[in-house]
Amino acid sequence: TPEKRYERKMDVAEKAMTDSNYEEAVTAYEAALGIFDDRVPAMNGLLSAQISAGESDGARENFTEFRTVTENSEDIVAFYEYADDLYSDTDSLIDAYKEGYNLTNDNGLKKNLVTAYVDRADAMDNSDYENKIAAYGDALDLDSTNESALSGRKACAYAVLDDMMDAQQYDQAESFINTYADSM
């Protein structure tokens, strides 16, 4: 039966992963997905095997394709946790974690999303303070007690105010304070 064939392919794949034979595991997971293309354990296994085999491009392509899965289960959470291994840019991480969190409401994915928002803000220059403060705000919307976001937003605000005061831009400093005082 298809179910038995699927189970045999998964057994072969899992043994290959245990033996660190990642190419064989990739082939077996692909064969399992050829039988049932919507099985999350096979998707997660394929991603893990591809990452372990150094096939990051293939894993990213599969991750993008597999993201159409809409069921809510622990396997889905594990699937979205692969985003950290697949993407180095914060925007892609945010997109993946936001999608996963919206789909599952998982606290681990929420924490990853908050961290990605903070990382995005930390990477911004203070001259782009509106977007930087907004990125910290995105993190704080999800976790209002996140120390990294709170201290990052505060440091940005002080740096911007210091720059305005040093440049004797008192009207801009007053406007900045009026704009952000309530949110900080």
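Here, the structure is the one placed above.
The sections below set out a description of the structure shown in this document. (Residues numbered from 1 in each chain as written. Predicted model: local features only at pLDDT ≥ 70, side-chain atom pairs only at ≥ 80, totals over all residues. Heavy atoms only, no water.)

**A short note on the nonpolar core**
Ranked by size, the top nonpolar core spans 45 residues in total, and within it Tyr29, Leu47, Phe63, Phe66 and Ala83 carry the most contacts. Examining the composition of this core, we find that 7 residues originate from one element, helix H8 (residues 107-123), more than from any other. When residues no more than four places from it in sequence are discounted, the contact partners of alanine 83 are Phe63, Leu93, Ala96 and Tyr97. Core analysis: the next-biggest nonpolar cluster, separate from the first, contains 10 residues, Tyr129, Cys156, Phe176 and Tyr180 among them. (Core = buried A, V, L, I, M, F, W, Y, C linked by side-chain atoms within 4.5 Å. Buried < 20%, exposed > 50% of the residue type's maximum accessible area, 1.4 Å probe, protein only. Helix = DSSP H or I, 4+ residues; strand = E, 2+ residues; numbered from the N terminus. Contact = heavy atoms within 4.5 Å.)

**Some remarks on helix H9 (residues 129-142)**
With 14 residues, H9 extends 20 Å from end C-alpha to end C-alpha; this agrees with the ideal 20 Å at 1.5 Å per step. Of the positions making up H9, those classed as buried are Tyr129, Lys132, Ile133, Ala135, Tyr136, Gly137, Ala139 and Leu140. Packing partners of the buried residues in H9 comprise H8, helix H10 (147-166) and helix H11 (170-180). (Expected span 1.5 Å × (residues − 1).)

**Notes on unusual backbone geometry**
Backbone geometry at serine 20 places phi at a positive 60°, although glycine is not the residue there. For serine 20, the location among the structural elements is in the loop between helix H1 (2-18) and helix H2 (22-35). In this model, asparagine 105 sits at a positive phi of 60°, which is unusual for a non-glycine residue.

**Considering the packing of aromatic side chains**
Summed over the entire model, instances satisfying the criterion amount to 5 aromatic pairs. Relative to phenylalanine 36, the ring of tyrosine 6 has its centre 5.6 Å away and its plane inclined at 75°; by these criteria the two rings are edge-to-face. Residue tyrosine 6 is located in helix H1, and its partner phenylalanine 36 is located in the loop between H2 and helix H3 (40-52); the two are separated by 30 residues in the primary sequence. For the ring pair phenylalanine 63 and phenylalanine 79, a centre distance of 4.7 Å and an interplane angle of 20° mean the geometry is stacked. Pair noted here: phenylalanine 63 is in helix H4 (residues 56-66) and phenylalanine 79 is in helix H5 (residues 74-81), with a separation of 16 residues, a long-range link. Taken individually, phenylalanine 63 and phenylalanine 79 each receive the classification buried, so the pair is uniform in this respect. Among the aromatic residues, those joined into a ring-pair cluster are Phe63, Phe79, Tyr80 and Tyr87. A cation sits over an aromatic face here: arginine 39 above tyrosine 6, 4.8 Å from the ring centre. Looking at arginine 39, its charged tip hangs above the ring of phenylalanine 36, at a distance of 4.0 Å from the centre. (Phe/Tyr/Trp six-rings, centres within 6.5 Å; stacked < 30°, edge-to-face > 60°. Lys NZ or Arg CZ within 6 Å of the ring centre and 35° of its normal.)

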